[in-house]
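Geometric and topological summary
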Amino acid sequence: MKHFLEDIKIDLEKNANHYGDPDCKICNGLGIILDNYSLPGESSYKLCQCVEKMTLCDGNPPYEYFDPKENCMKECPSKKARIALKKILFLEKQSGIPTRYKNKLLTSIDVNISEGDNFLYVIDHVYAVIKNYPSNKNTYGLYLYGKTGTGKTLLSCIILNEMIRLYQIPVRYAKISRDILGKIRDTFNPQSEFYGEGRKIEEELANIEILVIDDFGVQKDSPWVNNVLYDLIDTRYEKNLLTILTSNEPMDSWKDISNGRVFSRLKEMCLEIHLDAEDYRLKKAKSIH
Ligand SMILES: Nc1ncnc2c1ncn2[C@@H]1O[C@H](COP(=O)(O)OP(=O)(O)O)[C@@H](O)[C@H]1O
Ligand SMILES: [Mg+2]
Ligand SMILES: [Zn+2]
């Protein structure tokens, strides 16, 4: 099964931003590859061999070398790749993606284990969202729902990681209780480092190019919470920004909340996909025995 994810990976890389050797079989032209030997929490990307090979500078800014023939300094052919790598590492750091899901790409998905359910359909949509993004930014978002352990957080983080790696787009991962509601509540507490910064946090989430809201809908009986969520979703809707949501509950469960306002926005912004696989950890345990 691995081969079809490999094919998808190559297809995405061929359509991405290229900073390396276009004929390189290792990076497919990206110039940047995932470093499989990096430690958890460490930077996970590095330059591909093809970029090292074309390097004429000393590897430091301003990435120039001396050309004796013309007796002047020139831009190193590796410059764009070196700048792109820095950008990727910066975007990754800013993204808030949890360490556990940091180095995960489409090829990290274990397909065999999910055979028999709708996992291939799910992967198709994840792939389409990534592939179509550069040409059609208002591509539909996803609302992934299902039980615990079905891969919702994994898939949503894979989308963010691929968007950073392939296109260098600013993204944000936010877990609803901790990164959104918790932080905004904190802004009312004078002891908190976020005191008085409520609007800033809300605006940042409302404006980031691609946002994952993980575990959406866990505290939906508070009108305050519903308003915060509605404002966030509504602003992103108006700006046509890509939003990926994960939830334990179907979109329908929002129908009667806040006069259905959140529901109607979600319905227009996102394709709802049910992950009906078994808990991955249980399944894996079973497959070992
Ligand atoms: N199809 C899959 N392939 C590889 N790992 C998976 C898959 N589905 C889930 N996992 C792993 O199982 C664990 C639980 O997945 P997670 O995405 O956190 O589930 P959820 O967010 O739906 O509760 C994670 O460690 C994740 O990496
Ligand atoms: Mg999760
Ligand atoms: Zn290469």
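Predicted model, so just to flag it, every value in this text is computed and none were measured.

Overview of the packing of helix α6 (residues 176–186) against helix α8 (residues 223–238)
- Following both chains from N to C, one finds α6 and α8 inclined at 110°, their axes separated by 12 Å at the closest point. Classified by the angle their axes make, α6 and α8 are roughly perpendicular. Only Trp 224, Val 225, Val 228, Leu 229 and Leu 232 of α8 make contact with α6, whose side of the interface consists of Ile 176, Ile 180, Leu 181, Ile 184 and Arg 185.
- Grouping the amino acids of the contact of α6 with α8 by side-chain chemistry returns nine nonpolar, no polar and one charged.

A short note on the site of ligand 1
- Among the 17 residues in the neighbourhood of ligand 1, the closest are listed as Tyr 101, Asp 110, Gly 149, Lys 152 and Thr 153.
- Here Thr 153 contributes a side-chain N or O atom positioned 2.8 Å from an oxygen atom of ligand 1.
- In isolation ligand 1 offers 550 Å² of accessible surface; the protein chains occlude 90% of this area.
- For the shell around ligand 1, the secondary structure elements donating two or more residues are α5 (152–167) and α10 (280–288).
- Per-element accounting of the shell around ligand 1 gives the leading share, three residues, to α5.
- Classifying every residue of the shell around ligand 1 gives five nonpolar, seven polar and five charged.

Observations regarding the pattern of salt bridges
- For the structure on display, the rule yields 14 salt bridges.
- For Arg 82, the salt bridge goes to Glu 52, with nearest N and O atoms at 3.9 Å. Here Arg 82 is found in helix α3 (residues 79–94), whereas its partner Glu 52 is found in helix α2 (residues 49–54), with 30 residues between them in sequence.
- Overall, Arg 82 belongs to the buried group, its relative accessible area being 12%.
- Of the charged contacts, one joins Arg 178 and Asp 179 as a salt bridge, the two residues approaching to 2.9 Å between their closest N and O atoms.
- Bridged by salt links that share partners, the residues Lys 9, Glu 13, Glu 162 and Arg 165 form one connected network.

Notes on the domain arrangement of the protein chain
- Annotation of the protein chain at the domain level lists domain 1 (2–94) and domain 2 (99–288).
- A separation of 29 Å is found between the C-alpha centroids of domain 1 and domain 2.
- If you look at the interface, domain 1 gives 26 residues, while domain 2 gives 23 residues.
- Of the roughly 2,300 Å² buried at the junction of domain 1 and domain 2 (both faces included), carbon and sulfur atoms supply 64%.
- Area buried by domain 1 at its contact with domain 2 is led by Leu 5, Leu 12 and Leu 91, which between them contribute 25% of it.
- In this structure, Arg 165 engages Glu 13 in a salt bridge whose closest nitrogen and oxygen atoms are separated by 2.7 Å.

Description of the nonpolar core
- Membership of the largest hydrophobic core comes to 52 residues, with the highest contact counts inside it found for Ile 109 and Met 163.
- Sort the elements by how many residues they give to this core and α5 lands first, with nine residues.
- Of the domains in this structure, domain 1 (2–94) and domain 2 (99–288) are the two that each give at least three residues to this core.
- Those residues in contact with Met 163 that lie beyond four places of it in its chain are Val 129, Ile 130, Tyr 133, Gln 168, Ile 169, Val 171, Ile 210 and Leu 242.

Structural notes on the side chain of Ser 95
- Looking at the element boundaries, Ser 95 is found in the loop between α3 and α4 (119–132).
- Looking at Ser 95, the relative accessible area reads 0%, which means it is buried.
- Once you skip the residues sitting within four places of it in the chain, Ser 95 turns out to touch Ile 164, Val 171, Arg 172 and Tyr 173.

Definitions and cut-offs
- Residues numbered from 1 in each chain as written.
- Chains lettered and ligands numbered in written order.
- Predicted model: local features only at pLDDT ≥ 70, side-chain atom pairs only at ≥ 80, totals over all residues.
- Heavy atoms only, no water.
- Axes fitted to C-alpha atoms, helices over the stretch in contact; angles between N-to-C directions.
- Helix = DSSP H or I, 4+ residues; strand = E, 2+ residues; numbered from the N terminus.
- Parallel < 35°, antiparallel > 145°, perpendicular 65-115°, else oblique.
- Contact = heavy atoms within 4.5 Å.
- Nonpolar A, V, L, I, M, F, W, Y, C, P; charged D, E, K, R; others polar.
- Near = heavy atom within 4 Å.
- Polar contact = N/O pair within 3.5 Å; in protein donor to acceptor, adjacent residues only side chain to side chain.
- Areas by Shrake-Rupley, 256 points an atom, 1.4 Å probe, with all protein chains shown as cover.
- Salt bridge = Lys/Arg side-chain N within 4 Å of Asp/Glu carboxyl O.
- Buried < 20%, exposed > 50% of the residue type's maximum accessible area, 1.4 Å probe, protein only.
- Domains from an automatic or database assignment.
- Buried area = accessible area lost by both parts, 1.4 Å probe.
- Core = buried A, V, L, I, M, F, W, Y, C linked by side-chain atoms within 4.5 Å.

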